[in-house]
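Next come the chains, spelled out residue by residue.
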Amino acid sequence: MPDILAELNPAQRQAVVAPPGPLLILAGPGSGKTRVIAHRVAYLIQARGVSPRRIMAVTFTNKAAREMKERLNRLLGPTALELTVGTFHAICARILRQDGAALGLDRSFVIYDDDEQRGLVKESLVDLGLDPKQHSPGAVLGAISAAKSQLMEVEDFRRRHAQDYFQEVVGRVYERYQERLRESKALDFDDLLMGAVQLFQRHPPVLARYQERYQHLLVDEFQDTNLAQYALARLLAGGHRHICVVGDPDQSIYSWRSADIRNILSFERDFPGAQVVYLEQNYRSTQTVLQAAHAVIAKNKERKEKQLWTENAAGPPIMMVEAYDEKEEAQWVALEVERLLSQEKGGQCAVMYRTNAQSRPLEEAFLHLGLPYQLVGGTRFYERREVRDVVAYLRLAHNPYDSASLARVLNVPPRGIGAKTIEDVSRLARQRELPLYAALQLAAAEDVGLSAAARQRLGGFLELLHRLMAAAKELAPLALLNLALERTAYRQYLVESEPGRPGEERWENLLELRGVAEEYGEMGPGVGLEAFLERVALHSDTDELGEKPERVTLITLHQAKGLEFPAVFIVGLEEGILPHSRSFDDPAQMEEERRLFYVGMTRAQERLYLVRAFRRRYLGASTPRLPSRYLADIPALLTITPRERGRAAERPAAPAALAAYRAGEKVRHAQFGDGIVVAAQPARDDLEVTIAFKGQPGVRKFLASLAQLEKTG
DNA sequence: TTCCCGCGGATTTTT
DNA sequence: TCCGCGGGAA
């Protein structure tokens, strides 16, 4: 047996060596799923003689892709470089650059991010004579994005939503929006996925080529796939059916981004004969954390029961904290973090919350105590104004039809091209149905009603642009970036518009961007620029989340997925915050809120703190708050309060009394009343008791440690 | 053209 | 409470 199997548990091994047909791995938190994927890849290569060139592994985040690559590198050495490992979006972008011509796509398309998409929606609304105030561009964009995620093109969408007024508006905007993207030679994130699917559906020979090339497909975080991603996976695996998907429905927290939990449920239907493997041994958390998390998630109705277990110690009880308000909450957390650090107990700590707004008092508390922290989220590097400006110049050097970038920098730094001139040129573009770039050239070259001064300024801008375009063909990304900075006198602009530290800070961000550009110096001018721009476009915030020891991580629950910390604080455990009030009226969304809490809890390795405030300032007003309903689901046996900690030393969480239930025994349950034990099965450090209750049909199953049972006979 | 004030809206955001 | 945007004045 190859040594890659040596360090795996039986279930993991089963998943790794399963024959290359369809395989569904249901993996609980901390059960080693990344390791299983990596080892399966290694096994395919080493034991089954599959060429690494024929394997594709897909993830959702760049970070996950990077971690996968690192793991495979350790396992396989240089061979790993021949594998295709990447995010859905990155892989689709590559496919479309390679073969998108069949769909009429230009190889040098740009990728529009959220802001640019929203801007484009807004312009599309205006084009249609609609008021962006009445139809929030964000909401319209959301609907368009959802449509694309479900592979609904404009015509489908309009046909299906003819009656509903809002959807009818969305349909019209969708159409215009796509036109505008096309003009700009741009794709949005959803287009990358939908485009790849369309390419494969409409051009079977292209699909056949990819199916032939990639004989083995592995997909991570499968519970987060949307329909487009699932369709893509099915197409790629259509011939050989060598598809392995890994996921955990209990950790599905992105349905609002069109992730569809049904994909994981229909997998067995779409791939008949699929093998299913459960990874239930947890290597991350203490028994206490796991039991509490299970007690919470078990309340969801729409789920497949998994029985997580661990060989880890029981660990300290879960600390339940009630503070007076959000300030005291933050203060308590900060003091506790300080205490953990001083005792070297905590290692890394993370504070998790439902909404970004909750980070503020926490930051203040940490600042006050002088404890270093890192805030995940907030203004991201690539969203900073100065970074976007400069990136826009580089994008234009690559593709001048990119209207969003064009509009962004036309008068940045200010060069006297004001709103009036921009409006004139935009109108020209609309009237003659020209891309902005073409309209600009026309307005500069011919008399179309602009003043001589305006024409001259436009000419000056175009000259700059053409200079950069020419340079893009010859210079490395860094040199091109330097040229852009120099020609636009961008530093001067920064320092003058925001004298003192702000301007300098912005300049330092650009120096950092130069560092990134430098990495793409050896690829040759055009290719290097393309790769650099793609990196910038598909970049995300958690990518850079390094292990900075001694630094508390402040993070939303959503962003915390996939991470782990020795000590975790979840704050704001109040009705209306978690679960969030926006979810109250929708049962499906309420189940997702619960999963979100479950995800947060299962990030903890050793210590878990569940913190709430009695009253909280929210949207300005301070109001009293009720404890989150989830807190009541956690067995009191597993918890402790700060006051109790003063008295008791940390007691083991698993009660000794759970050992003895046998079939035939009479018991009483706090909620269900009298019953008789039908079966009792050891479930690793616990006992699963099956009970039939008097006067009730069927049986119910409990974990002895959690159920409030009492022997009556 | 640019700057400043007032109003409205505020969940989460893998790419 | 705080941020971003649009409209009006300098």
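Above: the structure in question.
Residues numbered from 1 in each chain as written. Chains lettered and ligands numbered in written order. Predicted model: local features only at pLDDT ≥ 70, side-chain atom pairs only at ≥ 80, totals over all residues. Heavy atoms only, no water.

### Re the overall build of chain A
Part 1 of the reasoning: Looking only at helices and strands, one finds 27 helices and 22 strands in chain A.
Part 2 of the reasoning: By the compact-globule yardstick of 27 Å for 713 residues, chain A fits well, its C-alpha radius of gyration being 28 Å.
Part 3 of the reasoning: If you line up chain A on its principal axes, its C-alpha atoms span 100 × 60 × 55 Å.
Part 4 of the reasoning: For chain A, the accessible surface area stands at approximately 31,800 Å², while carbon and sulfur atoms represent 50% of it. (Helix = DSSP H or I, 4+ residues; strand = E, 2+ residues; numbered from the N terminus. Rg over C-alpha atoms; globule rule 2.2 N^0.38 Å. Areas by Shrake-Rupley, 256 points an atom, 1.4 Å probe, with all protein chains shown as cover.)

### With respect to the protein's contact with DNA strand C
Part 1 of the reasoning: Inspection of the region around DNA strand C gives Lys122, Arg360, Arg617, Leu619 and Gly620 as its neighbouring residues.
Part 2 of the reasoning: Within 4 Å of the protein, the atoms of DNA strand C are drawn from sugar and phosphate moieties in a proportion of 67%.
Part 3 of the reasoning: A distance of 2.5 Å separates a phosphate oxygen of DNA strand C from a polar side-chain atom of Lys122.
Part 4 of the reasoning: For the surface near DNA strand C, the class distribution of residues is 1 nonpolar, 1 polar and 3 charged. (Near = heavy atom within 4 Å. Polar contact = N/O pair within 3.5 Å; in protein donor to acceptor, adjacent residues only side chain to side chain. Nonpolar A, V, L, I, M, F, W, Y, C, P; charged D, E, K, R; others polar.)

### Concerning the sheet that holds strand β10 (residues 349-353)
Part 1 of the reasoning: Within the open sheet, the 7 strands sit side by side as β11-β12-β10-β13-β14-β9-β17. Their pairing is parallel. A single partner strand is all that each edge strand has here, and the edge strands are β11 (373-375) and β17 (639-640).
Part 2 of the reasoning: As defined by bridge partners, β10 adjoins strand β12 (residues 552-556) across 4 bridges and the pair is classed as parallel. Looking at β12, one finds that Met352 is bridged to Ile555. (Pairing = 2+ DSSP bridges.)

### Some remarks on the packing of aromatic side chains
Part 1 of the reasoning: Counted by the stated rule, this structure contains 15 aromatic pairs.
Part 2 of the reasoning: For the pair Tyr324 and Phe614, a centre-to-centre distance of 6.0 Å together with 35° between the ring planes defines the contact as tilted. With a gap of 290 residues between them, Tyr324 in the loop between β9 (318-323) and α14 (326-342) and Phe614 in the loop between β14 (604-613) and β15 (615-618) connect regions that are remote in the sequence.
Part 3 of the reasoning: The class of Tyr324 is partly exposed, set by a relative accessible area of 42%.
Part 4 of the reasoning: Ring pairs connect the aromatic residues Phe222, Tyr230, Phe267 and Phe271, which therefore count as one cluster.
Part 5 of the reasoning: Here the basic side chain of Arg97 rests over the ring of Phe109, its NZ or CZ set 4.0 Å away from the ring centre. (Phe/Tyr/Trp six-rings, centres within 6.5 Å; stacked < 30°, edge-to-face > 60°. Buried < 20%, exposed > 50% of the residue type's maximum accessible area, 1.4 Å probe, protein only. Lys NZ or Arg CZ within 6 Å of the ring centre and 35° of its normal.)

### A short note on the state of the cysteines
Part 1 of the reasoning: Considering all chains together, one arrives at 0 disulfides under this definition.
Part 2 of the reasoning: No disulfide involves Cys244; its sulfur sits 19 Å from the nearest other cysteine sulfur, which is in Cys92.
Part 3 of the reasoning: On the accessibility criterion, Cys244 (3% relative accessible area) is buried. (Disulfide = S-S within 2.5 Å.)

### Some details on helix α11 (residues 227-236)
Part 1 of the reasoning: Taken across its 10 residues, α11 has 8 buried, putting it largely inside the fold.
Part 2 of the reasoning: Within α11, burial applies to Ala228, Gln229, Tyr230, Ala231, Leu232, Ala233, Leu235 and Leu236.
Part 3 of the reasoning: At the N-terminal end of α11, a side-chain oxygen is found 3.0 Å from the backbone nitrogen of Ala228, two or three residues along, and the residue is Asn226.

### Describing the packing of helix α20 (residues 452-474) against helix α24 (residues 525-537)
Part 1 of the reasoning: Relative orientation of the contacting elements α20 and α24 amounts to 105°, with a least axis distance of 6 Å. The angle between α20 and α24 falls in the class roughly perpendicular. Across from Ala472, Lys473 and Glu474 in α20, the residues of α24 making contact are Pro525, Gly526 and Leu529.
Part 2 of the reasoning: When the residues that make up the contact of α20 with α24 are grouped by side-chain class, the tally is 3 nonpolar, 1 polar and 2 charged. (Axes fitted to C-alpha atoms, helices over the stretch in contact; angles between N-to-C directions. Parallel < 35°, antiparallel > 145°, perpendicular 65-115°, else oblique. Contact = heavy atoms within 4.5 Å.)

### Digging into unusual backbone geometry
Part 1 of the reasoning: Of the consecutive residues Val412 and Pro413, the connecting peptide bond is found in the cis state with omega at -10°.
Part 2 of the reasoning: Along the chain, Pro413 turns up in the loop between α17 (403-409) and α18 (419-431).
Part 3 of the reasoning: At the junction of Leu578 and Pro579, the peptide bond is cis and its omega measures out at 5° in the coordinates.
Part 4 of the reasoning: Of note in this structure, Leu151 is not a glycine but carries a positive phi near 60°.
Part 5 of the reasoning: If you trace the backbone, Leu151 turns up in the loop between α6 (137-149) and α7 (154-160).
Part 6 of the reasoning: Assessed through its relative accessible area of 22%, Leu151 is described here as partly exposed.
Part 7 of the reasoning: A positive phi is found at Glu433, a non-glycine position, where the angle reads about 50°.

### Some details on the environment of Ile91
Part 1 of the reasoning: Within the element layout of this structure, Ile91 appears in helix α4 (residues 88-99).
Part 2 of the reasoning: It is 35 Å that separates the C-alpha atoms of Ile91 and Leu578, two residues lying 487 residues apart in sequence.
Part 3 of the reasoning: The residues touching Ile91, leaving out its near neighbours within four places in the chain, are Met56, Ala57, Val58, Thr84 and Gly86.

### Comments concerning a nonpolar patch on the surface
Part 1 of the reasoning: Among the surface-exposed residues, Ile676, Val678 and Val699 lie close enough to one another that they form a single nonpolar patch of about 230 Å² accessible area.
Part 2 of the reasoning: With respect to the helices and strands, the residue Val699 is situated in strand β21 (residues 699-703). (Patch = residues over 30% accessible without salt bridge, like charges linked within 9 Å, V, L, I, M, F, W, Y side chains within 5 Å. Salt bridge = Lys/Arg side-chain N within 4 Å of Asp/Glu carboxyl O.)

### Quick word on the nonpolar core
Part 1 of the reasoning: Within the largest apolar cluster, 53 residues are counted, with the highest numbers of intra-cluster contacts made by Phe461, Leu510, Leu513 and Phe532.
Part 2 of the reasoning: Residue contributions to this core peak at 10 residues, all from α20.
Part 3 of the reasoning: Membership of the second largest hydrophobic core comes to 42 residues, among which are Tyr214, Ala228, Ala233 and Val245. (Core = buried A, V, L, I, M, F, W, Y, C linked by side-chain atoms within 4.5 Å.)

### Quick word on the side chain of Glu329
Part 1 of the reasoning: Mapped onto the secondary structure, Glu329 falls in helix α14.
Part 2 of the reasoning: Those residues in contact with Glu329 that sit more than four places away from it in its chain are Ala323, Val571, Gly572, Glu574, Val611, Arg612, Ala613 and Arg616.

### Overview of the sheet that holds strand β8 (residues 275-279)
Part 1 of the reasoning: In space, the 6 strands of this open sheet follow the order β3-β2-β6-β7-β1-β8, with parallel pairing throughout. The sheet is open, and its two edges are formed by β3 (84-87) and β8, each paired on a single side. Geometrically, the sheet is characterised by an average inter-axis angle of 15° between neighbouring strands, direction not taken into account.
Part 2 of the reasoning: Two strands pair when backbone bridges link them, and strand β1 (residues 23-27) and β8 are joined in this way by 5 bridges, in the parallel orientation. Counted as the bridge partner of Ile25 is Val277 from β8.
Part 3 of the reasoning: Together, β2 (55-59), β3 and β6 (216-219) form the strand contacts of α4, whose direction differs from that of β3 by roughly 115°.

### Comments concerning the pairing of β9
Part 1 of the reasoning: Taking burial as the measure, the 6 residues of β9 include 5 buried ones, the bulk of the element.
Part 2 of the reasoning: Pairing of β9 with β17, which is carried by 2 bridges, proceeds in the parallel orientation. Residue pairing across strands places Ile318 opposite Thr639, the latter belonging to β17.
Part 3 of the reasoning: Strand direction decides the pairing type here: β9 and β14, joined by 5 bridges, are parallel. Along β14, the bridge assignment pairs Val321 with Val611.

### Structural notes on α24
One full turn of an α-helix is made of 3.6 residues, so residues set three or four places apart face in the same direction.
Part 1 of the reasoning: Taking 1.5 Å of rise per residue, the 13 residues of α24 would be expected to cover 18 Å, and the 18 Å separating its terminal C-alpha atoms lies within 8% of that figure.
Part 2 of the reasoning: Of all the positions in α24, only Gly528, Leu529, Glu530, Phe532, Leu533, Glu534, Val536 and Ala537 are classed as buried. (Expected span 1.5 Å × (residues − 1).)

### Overview of the environment of Asn9
Part 1 of the reasoning: Tracing the backbone shows Asn9 in the segment before α1 (10-17).
Part 2 of the reasoning: Overall, the relative accessible area of 12% leaves Asn9 in the buried class.
Part 3 of the reasoning: C-alpha separation for the pair Asn9 and Tyr437, spaced 428 residues apart in sequence, amounts to 60 Å.
Part 4 of the reasoning: With residues near it in sequence (within four places) discarded, Asn9 still touches Gln281 and Tyr283.
Part 5 of the reasoning: A distance of 2.8 Å separates a polar atom in the side chain of Asn9 from the backbone nitrogen of Gln12.

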